[in-house]
Amino acid sequence: MAAQNQNDKKTTSSEEVFSKNTPSSMNTSPIDLGQIEVLQILNEHGEVDKGLEPDLSNEVLLDTYRAMVLGRAFDSRMMTMQRQGRMGTFAPNFGQEACIIGQVTSLTKNDWFAPSYRSFGAQIMRGWPLEHLMRLWAGFHDGFPPPKNVNDLPFSIVIGSHVLPAVGIGMGMNYKKKKDCVVVNYGDGASSQGAVSEALNFAAVYKAPVVFICENNGWAISTPTKKQRANQTFAAHGIAHGIPCIRVDGNDILAMMCATKEATDRARNGDGPTLIEAITYRMSLHTTADDPTVYRDEDEVKVWEARCPIKRFETFLTNKGLLDDDAIKETLESCEEEVIAARDKFYAMDPADPTEIFDHLYESVPKELQAQREEYLRRLREKGIDL
Ligand SMILES: Cc1ncc(C[n+]2csc(CCOP(=O)(O)OP(=O)(O)O)c2C)c(N)n1
Ligand SMILES: [Mg+2]
């Protein structure tokens, strides 16, 4: 695999993989950063590079496929629930399923995962019940803490702020001489936060066992990557900090799994952090509060539709004799049923007490906040809600 200062002939340059039909918002590599190559194992037609194909069992391949389909089924249902007024603001992950699932397939229960808000597919794999995630997105406080025995951080809405704590966890692992590691993801937009540079520097200097995944999905709300960073290669952040780095086709699940496996092995062996830039695309809106049609061209979205991570994996698995039309249909139906069952459980739960939003900032509530609490209760009573 390509990493800093290595020359693996099997990987290709970013131009070969992405120059064709690359949308204008995503100039790739205007500067020659020749050492940072793009790893792709499954091309957008689902054809595999035999020389790079990983040796994975049929069970792992099919479980990974189902995890991607389940993530998308969760996504679709949450969008519907939000539009029905039964869910809070939600950040979909359409089109980024390979990027997100491939990050966690090489983690064990002892490892840590520090996600951003678009990571629910991976959170499900890590052991978060779906109805727990629904509580979270509905804004109920009890949805935020990770379930018992799941070593994940709750995601932070403050962009990039979870990256430093993730490095702290990695440094703690070194201190305790553990062989575990941390995967932390953040977006192209988050990469501009000072805290992310600080985190990279700490991890590099202290050889923290951390895998940084920069999810370059083309946009930070309405800011395209070309306005985010003059050097379009987010992986170069690694070079600047002395961290081995690689760019990966983030819509290729096999490439994501291989890159993350190599990075987690390196971390466990005491060789410190790795930075993976996953090149993917946010197919849908930023959140349910956003309307991308006002700032981006639909033609751009069409280009990425052809690079669908689920479709290309389906083609690969079908060619391998592991899937057929019936199995594809059954997988989708069973994932939808699982999501519906979770939705019904979620609807049957008691809602949270809405006044809890006043409870968690101060040990004793200051009088100004107490006045707001009373005002809020008064307004709820006006609407016929008496707590
Ligand atoms: C510190 C901070 N600044 C601004 C925001 C508002 N905000 C929410 S999401 C977002 C864009 C993040 O883009 P990116 O990191 O690329 O992640 P993506 O949403 O594309 O997954 C911004 C600016 C915030 N939540 N926190
Ligand atoms: Mg982004």
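Predicted model, so just to flag it, every value in this text is computed and none were measured.

## Some points on a negative patch on the surface
Link 1 in the chain: Together, D297, E298, D299 and E305 give the surface a local cluster of negative charge.
Link 2 in the chain: Counting through the fold element by element, D299 comes out in helix α11 (residues 298-305).

## Thoughts on the domain arrangement of the protein
When the parts of a complex come together, some accessible area is lost, and that lost area is often used as the size of the interface.
Link 1 in the chain: Parsing the protein into structural domains produces domain 1 (14-348) and domain 2 (354-387).
Link 2 in the chain: Between the C-alpha centres of domain 1 and domain 2 there is a distance of 37 Å.

## Looking at the packing of helix α5 (residues 130-137) against helix α13 (residues 325-348)
Link 1 in the chain: Axis separation between α5 and α13 bottoms out at 8 Å; the angle between their running directions is 55°. Classified by the angle their axes make, α5 and α13 are oblique. α13 is crossed by α5, and the crossing has right-handed handedness. Side by side, α5 and α13 meet where L130, E131, M134 and R135 of the first sit next to E338, V339, A342, R343, K345 and F346 of the second.
Link 2 in the chain: Broken down by class, the residue content of the contact of α5 with α13 amounts to five nonpolar, no polar and five charged.

## Considerations on the sheet that holds strand β1 (residues 38-39)
Link 1 in the chain: If you trace the six strands from one edge of the open sheet to the other, you get β1-β7-β8-β4-β3-β2, paired in parallel fashion. Unpaired on one side and paired on the other, β1 and β2 (112-114) mark the two borders of the sheet.
Link 2 in the chain: Where β1 lies against strand β7 (residues 245-249), two bridges are found, and the strand directions are parallel. Bridge pairing in β7 places V38 opposite R247.

## What to know about the environment of V38
Link 1 in the chain: Relative to the helices and strands, V38 is located in strand β1.
Link 2 in the chain: In this structure V38 comes out as buried when scored by relative accessible area, which is 0%.
Link 3 in the chain: With 296 residues separating them in the primary sequence, V38 and S334 have C-alpha atoms 35 Å apart.

## Considering the site of ligand 1
Link 1 in the chain: Neighbouring residues of ligand 1: 15 residues in total, closest Y117, R118, I157, G189 and A190.
Link 2 in the chain: At 2.8 Å, a backbone N or O of I157 approaches a nitrogen atom of ligand 1.
Link 3 in the chain: At 3.2 Å, a side-chain N or O of D188 approaches an oxygen atom of ligand 1.
Link 4 in the chain: Alone, ligand 1 offers 590 Å² of accessible surface; in the complex the protein occludes 72% of this.
Link 5 in the chain: When each cavity is represented as a set of grid points, ligand 1 is found to reside in the largest pocket.

## Section: the nonpolar core
Generally speaking, a soluble globular protein has its nonpolar side chains buried in company with each other.
Link 1 in the chain: In terms of nonpolar packing, the biggest core is built from 69 residues, with F74, M134, W137 and F313 touching the most fellow members.
Link 2 in the chain: The contact partners of F74, leaving out residues within four places of it in the chain, are F90, F120, I124, L130, L133, M134 and V339.
Link 3 in the chain: If you look at the next biggest cluster of nonpolar residues, it comprises 26 residues, including A166, V182, A190 and A208.

## Quick look at the pattern of salt bridges
Link 1 in the chain: With the rule as written, the count across this model stands at 22 salt bridges.
Link 2 in the chain: With a closest N to O distance of 2.9 Å, R126 and D152 form a salt bridge. Pair noted here: R126 is in helix α4 (residues 120-126) and D152 is in the loop between α5 and α6 (163-175), with a separation of 26 residues, a long-range link. We note that R126, like D152, is buried.
Link 3 in the chain: A salt bridge links D344 to R343, with the shortest nitrogen-to-oxygen separation between them at 3.0 Å.
Link 4 in the chain: Here D344 falls in the partly exposed class, since its relative accessible area comes to 37%.
Link 5 in the chain: Each of E375, R378, R379 and E382 takes part in one network of salt bridges that share partners.

Parameters at a glance
Residues numbered from 1 in each chain as written. Chains lettered and ligands numbered in written order. Predicted model: local features only at pLDDT ≥ 70, side-chain atom pairs only at ≥ 80, totals over all residues. Heavy atoms only, no water. Patch = residues over 30% accessible without salt bridge, like charges linked within 9 Å, V, L, I, M, F, W, Y side chains within 5 Å. Areas by Shrake-Rupley, 256 points an atom, 1.4 Å probe, with all protein chains shown as cover. Salt bridge = Lys/Arg side-chain N within 4 Å of Asp/Glu carboxyl O. Lys, Arg positive; Asp, Glu negative; His and termini not counted. Charge placed at Lys NZ, Arg CZ, Asp CG, Glu CD. Helix = DSSP H or I, 4+ residues; strand = E, 2+ residues; numbered from the N terminus. Domains from an automatic or database assignment. Axes fitted to C-alpha atoms, helices over the stretch in contact; angles between N-to-C directions. Parallel < 35°, antiparallel > 145°, perpendicular 65-115°, else oblique. Left-handed = near helix turned anticlockwise from the far one by under 90°. Contact = heavy atoms within 4.5 Å. Nonpolar A, V, L, I, M, F, W, Y, C, P; charged D, E, K, R; others polar. Pairing = 2+ DSSP bridges. Buried < 20%, exposed > 50% of the residue type's maximum accessible area, 1.4 Å probe, protein only. Near = heavy atom within 4 Å. Polar contact = N/O pair within 3.5 Å; in protein donor to acceptor, adjacent residues only side chain to side chain. 1 Å grid on protein atoms, 1.4 Å probe; cavity = no way out; pocket = protein on both sides within 12 Å on 5 of 7 lines; lining within 4 Å. Sits in = over half its atoms within 2 Å of the grid points. Core = buried A, V, L, I, M, F, W, Y, C linked by side-chain atoms within 4.5 Å.

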